Amino acid sequence: MEPELVVLGTGFHTPSRDRLEVLANCAFTVDGKGRISGIVPSDDPRQGEIVTGAEARGILHRLPADAWLIPGLVDLHIHAPQWPQLGNALDEPLEVWLQKYTFPLEARFADPDFAREIYDDMVRTLVAQGTTTALYFGSVHREPNLILAEVCLRHGQRALIGKVAMDDAETCPDYYRDADAATALAETRAFIAELRAMQHGLDPLVLPVITPRFIPSCTDALLAGLGEIAREMDCHIQTHASESDWAAGYVLHRLGCSDCTALDRFGLLTERTVLAHANFIDSTDMALMARRGAAVAHCPMSNAYFANAVFPLRRALDAGVEVGLGTDISGGFSPSIFDGLRHALMASRHLGRGTDPSLAPEGRGTGETPLSTVEAFWLATAGGADALSLPVGRLAQGQCFDALVIHANRPGSGLRTFVDQDRPEKVFEKLVLTADRTAISDIWVNGRKLI
Ligand code: GUN
Ligand code: FE
C-alpha cells in the first residue's frame, strides 16, 4: 500500500522503561489508516525510492537538522470541567477544595453552550501542548460529556472520556450529583452507548470510560453497578484512589480496607483501570494492581497541593505496576505533560534524597534511585499508552502515528543546541528537560496533521 505521509528525519522514543532508541535519519511511512507502516533507515536502499516517490506526490515532511520526531504525549488524568479554574483555588485541602470551588464550577457545565466554549478552548490548548491522548474526567451530566467528545473529534485529539458518577447524598451536594445509584447507572450506560454511536469503524478516536469520582462520593450500590457495566460493556475505568490522608482514611473507615481492595471487590480493578494518584498504596495494593494489570496516573503537581506525600513511583514500578503521567487539571496548574514529567523528576529526587536539611543526609530520604530522564519520557509516552492498552506512545511499525516534531533553537524557546553537543543522547536529555510549547512545531494524531 502506498503511504499517505512520509516523515524523514531522526526520531526518539523509549520502547521500554529504561531504553532510549534513536532512529537516526529514517523515513517514517504512515498508511491510510494512520498507522506507521514502516521505518526505513538511511542505509536501506528503499529509502531513496520512498523519499523520491513521496516528494513527487507532495506527501514528504522533511525535518530540519535540529528537529526530532517523538511520540505524542499521553495525559492520563485531567478534569475537563476544571479548565476555567486552571491556576486558581489551590489554597484549600482536597475535601474543602471540592465543595468550595470545584463542585460549583463543574455544575455549570450543565449548560451546553458554556461546555462547548470551554471545551473547545481546552482541547485546542492541550493539543498545542503536545497532548495527543487524554483520559478525561467529564462532569456529572451526560450531554456536556458528549459535547466534549464532539470537540475532541473535531480537533482530532485521541480521548477517553468519562461521565462522572457520584450519588452519595452524604458527601455530594444536591445541586451536583446523580439523583441515586439507579440514575447514575442508567446515565452511564446511555453515555457509553451514545458516545460509541458517534463514531463508525474499528478504530474509534474517542472512547467511553466508567468513572466513579472516588469511593467517598459513591454509594456501594453505585460502585457494584459500575463494576457490572464495566464487565458487560467492556470499558476502560478511571477513578481517584488513595490520594490524600483524608481520602484514604475515609475509605478505610467506611469499608475497612484500602481503595485498591475495595475497587477490586466491586469489579473495578481491571487491565483497563487507571487510578489517579494512588499515593498511599502499600505493597499489598501494588501486588494486587500488578496482578490485575491496573495502572496509576501519577500526578506530581497536584500531589504537592493535596497529597502531602510523594507517590512511591520507584517502588510501584519495581512491583510491576503500570504508571503514566497526569496533569490532574486543575489540581495541577499546568496543561503540559512536559511540565508534568519534570515535576515527576523533581518529586522523585525529593523522595529519594530527602527534604529536611536538619536531618543527616543518610536519613533524609528513602534512598531509592531517582527517576532518570529516559524513564520520565517513557512515563509521558509509552507508559501512558500501556496504561490505556492503546497502540500509541512508540515510534514502531503498526503503532498509530500520534507524533510531535520538537524543533530546537526557535525564538524564545529554552531548547537550544550547539554544534559541540550534538550527540543524540545529549540532545534527547535537553529535549526532555527543556522542550516547551514554542519548540513543538508539528503535531499528528492517527496520521492527521493537527498543527
Ligand atoms: N478526588 C475526588 N475528586 C477529585 C478531583 O476533582 N480532583 C482531585 N485531585 N482529587 C479528587
Ligand atoms: Fe483528579
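The structure under discussion appears in the preceding block.
Residues numbered from 1 in each chain as written. Chains lettered and ligands numbered in written order. Predicted model: local features only at pLDDT ≥ 70, side-chain atom pairs only at ≥ 80, totals over all residues. Heavy atoms only, no water.

Colleague: Hey, could you run me through the coordination of the iron ion (ligand 2) in this one?
Modeller: Tetrahedral metal sites with four donors have an ideal angle of 109.5 degrees; octahedral sites with six donors have ideal angles of 90 or 180 degrees. Binding of the iron ion (ligand 2) to the protein goes through His77 (NE2), His79 (NE2), His240 (NE2) and Asp328 (OD), at separations of 2.0 to 2.2 Å. Note that the iron ion (ligand 2) binds four donor atoms; their angles at the metal cover 86 to 174 degrees, and the shape is irregular. Within one chain, the residues serving as donors to the iron ion (ligand 2) are arranged as H-x1-H-x160-H-x87-D. Of this pair, His79 sits in strand β6 (residues 73–79) while Asp328 is found in the loop between β13 (322–325) and α12 (337–353), placing the two residues 249 residues apart along the sequence. (Donors = N, O, S within 2.8 Å, 3.2 Å for Na, K, Ca; no water. Tetrahedral: all angles 85-135°; square planar, octahedral: opposite > 155°, others 65-115°. Helix = DSSP H or I, 4+ residues; strand = E, 2+ residues; numbered from the N terminus.)

Colleague: I keep staring at the packing of aromatic side chains and nothing clicks. Help me out?
Modeller: Given two aromatic rings, their pairing is described by the distance between the two centres and the angle made by the two planes. Applying the stated criterion across every chain, the model contains 11 aromatic pairs. With a centroid separation of 6.2 Å and 85 degrees between ring planes, the pair formed by Tyr305 and Phe333 is classed as edge-to-face. Of this pair, Tyr305 sits in helix α10 (residues 300–306) while Phe333 sits in the loop between β13 and α12, and the two are 28 residues apart along the sequence. Residue Tyr305 is classed as partly exposed on the basis of its relative accessible area, which comes to 35%. According to the relative accessible area criterion, Phe333 is partly exposed, its value standing at 35%. (Phe/Tyr/Trp six-rings, centres within 6.5 Å; stacked < 30°, edge-to-face > 60°. Buried < 20%, exposed > 50% of the residue type's maximum accessible area, 1.4 Å probe, protein only.)

Colleague: Just checking my understanding: could you explain the site of ligand 1 for this structure?
Modeller: All residues adjacent to ligand 1 are His79, Gln82, Leu94, Trp97, Leu98, Arg213, Phe214, His240, Glu243, His277, Phe306 and Asp328. With respect to ligand 1, the side chain of Gln82 contributes an N or O atom lying 2.9 Å from an oxygen atom. Surface burial for ligand 1 is 100%, taken as the share of its 280 Å² of free accessible area covered by protein chains. The cavity where ligand 1 resides is the largest cavity. If you tally residues by element for the shell around ligand 1, the top one is helix α2 (residues 94–107), at three residues. Split by residue class, the shell around ligand 1 holds five nonpolar, four polar and three charged. (Near = heavy atom within 4 Å. Polar contact = N/O pair within 3.5 Å; in protein donor to acceptor, adjacent residues only side chain to side chain. Areas by Shrake-Rupley, 256 points an atom, 1.4 Å probe, with all protein chains shown as cover. 1 Å grid on protein atoms, 1.4 Å probe; cavity = no way out; pocket = protein on both sides within 12 Å on 5 of 7 lines; lining within 4 Å. Sits in = over half its atoms within 2 Å of the grid points. Nonpolar A, V, L, I, M, F, W, Y, C, P; charged D, E, K, R; others polar.)

Colleague: Help me understand the packing of α12 against helix α13 (residues 373–388), please; the structure alone is not making it clear to me.
Modeller: Angle between the axes and distance between the axes: these two values describe a pair of packed helices. At a minimum axis separation of 9 Å, α12 and α13 run at an interaxial angle of 135 degrees. For the element pair α12 / α13, the angle class is oblique. As for how α12 packs across α13, the hand of that crossing is right-handed. Here α12 contributes Ile337, Leu341 and Leu345 to the contact with α13, which in turn contributes Thr373, Ala376, Phe377 and Ala380. By residue class, the composition of the contact of α12 with α13 is six nonpolar, one polar and no charged. (Axes fitted to C-alpha atoms, helices over the stretch in contact; angles between N-to-C directions. Parallel < 35°, antiparallel > 145°, perpendicular 65-115°, else oblique. Left-handed = near helix turned anticlockwise from the far one by under 90°. Contact = heavy atoms within 4.5 Å.)

Colleague: Would you mind showing me how to read the sheet that holds strand β9 (residues 206–212) here?
Modeller: Paired through their backbone hydrogen bonds, the strands of a sheet run either parallel or antiparallel. The strand order across the open sheet built from eight strands is β6-β7-β8-β9-β10-β11-β12-β13, with neighbouring strands paired in parallel fashion. Here the strands that pair on one side only, and so sit at the sheet edges, are β6 and β13. Neighbour to neighbour, the strand axes of the sheet diverge by 25 degrees on average, direction disregarded. Bridge count between strand β11 (residues 273–277) and strand β12 (residues 295–298): three bridges; the pairing is parallel. Pairing of Ala276 across the sheet is with Ala297, part of β12. The sheet contacts of helix α3 (residues 112–128) involve β6 and β7 (131–137), and relative to β7 the element is tilted by about 140 degrees. (Pairing = 2+ DSSP bridges.)

Colleague: Looking at this model, I keep getting lost on empty space enclosed by the protein. Mind explaining?
Modeller: Any space left empty among the atoms is revealed by the rolling of a water-sized probe across them. In the structure shown here, the tally under the stated rule is two cavities of 30 Å³ or more. Space inside the largest cavity adds up to approximately 110 Å³. Surrounding the largest cavity, His79, Gln82, Leu94, Trp97, Leu98, Arg213, Phe214, His240, Glu243, His277, Phe306 and Asp328 form its lining. With three residues, the single largest contributor to the lining of the largest cavity is α2. (Points joined across faces, edges and corners; volume = space filled by probe spheres on them.)

Colleague: Honestly, the state of the cysteines in this entry has me stumped. Any pointers?
Modeller: One covalent bond between the sulfur atoms of two cysteine residues makes up a disulfide. By the definition in use, this model includes zero disulfides. We note that Cys260 lacks a disulfide partner, and the nearest cysteine sulfur, in Cys257, lies 9.7 Å from it. (Disulfide = S-S within 2.5 Å.)

Colleague: Whenever I open this one, the nonpolar core confuses me. Can you help?
Modeller: Taken as a class, soluble globular proteins show a tendency for nonpolar side chains to be buried jointly. Among the nonpolar cores identified, the biggest contains 99 residues, and Met122, Tyr136, Ile161 and Ile406 are the most heavily contacted of them. Looking at this core, the element that brings in the most residues is α3, giving eight residues. (Core = buried A, V, L, I, M, F, W, Y, C linked by side-chain atoms within 4.5 Å.)

Colleague: I would appreciate a short explanation of the side chain of Asp168 in the present structure.
Modeller: Within the fold, Asp168 resides in the loop between β8 (158–165) and α5 (181–197). Taking relative accessible area as the criterion, Asp168 reaches 10% and is therefore assigned buried. At a separation of 2.9 Å, a polar atom in the side chain of Asp168 contacts the main-chain amide nitrogen of Glu170. Among all residues touching Asp168, those that are not within four sequence positions of it are Arg177, Pro216, Ser217, Cys218, Thr219 and Arg254.

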